[in-house]
Amino acid sequence: MQFNERFYDDSNFLPIGMPMPDPYTTGVLLNRLKLGRADRATQFAGISEWLRDHTPSAGLVRSLRRRGFGDLLDGGNDPQP
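Right, let's walk through the structure included here. (Residues numbered from 1 in each chain as written. Predicted model: local features only at pLDDT ≥ 70, side-chain atom pairs only at ≥ 80, totals over all residues. Heavy atoms only, no water.)

You can see T26 is positioned in helix α1 (residues 26-32). Given a relative accessible area of 0%, T26 falls into the buried group. In this structure the side chain of T26 is engaged in a polar contact, spanning 3.2 Å, whose partner is the backbone nitrogen of L64. Every residue in contact with T26, bar those within four places of it in the chain, is listed here: I47, L60, S63, L64, R67 and F69. (Helix = DSSP H or I, 4+ residues; strand = E, 2+ residues; numbered from the N terminus. Buried < 20%, exposed > 50% of the residue type's maximum accessible area, 1.4 Å probe, protein only. Polar contact = N/O pair within 3.5 Å; in protein donor to acceptor, adjacent residues only side chain to side chain. Contact = heavy atoms within 4.5 Å.)

Laid out in structure tokens, this is it:
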């Protein structure tokens with residue numbers, strides 16, 4: 001039996017003109033910022049800039065902390081090794 005992965009992807013399908021929902025995980029945020037494959041320092045800078053204008057959800061806060069970006073939430077400016 002073959003599966004067609006188009007039925008199992010995690011894409012958001014929204015009506016035309018509807019805004020994208022807020023990111024709910026670090027991976028979604030990095031992909032939205034087009035930083036999924038960037039080095040750690042570039043990801044850190046991009047997330048830091050995004051946080052200046054956005055308030056993360058509780059789920060995104062947990063995800064950022066798990067992925068090592070918690071210092072950004074606490075006012076830190078330097079990436080962790």
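Now that the structure has been shown, we can carry on.
We now examine the packing of aromatic side chains. To describe a pair of aromatic rings, you give the distance between the ring centres and the angle between the ring planes. Enumeration over the complete set of coordinates arrives at one aromatic pair. With centroids separated by 6.3 Å and ring planes inclined at 35°, the aromatic side chains of F44 and F69 adopt a geometry described as tilted. In this pair, F44 is assigned in helix α2 (residues 40-53) and F69 in the loop between α3 (58-66) and α4 (70-73), connecting sequence segments 25 residues apart. Both residues of the pair, F44 and F69, count as buried. (Phe/Tyr/Trp six-rings, centres within 6.5 Å; stacked < 30°, edge-to-face > 60°.)

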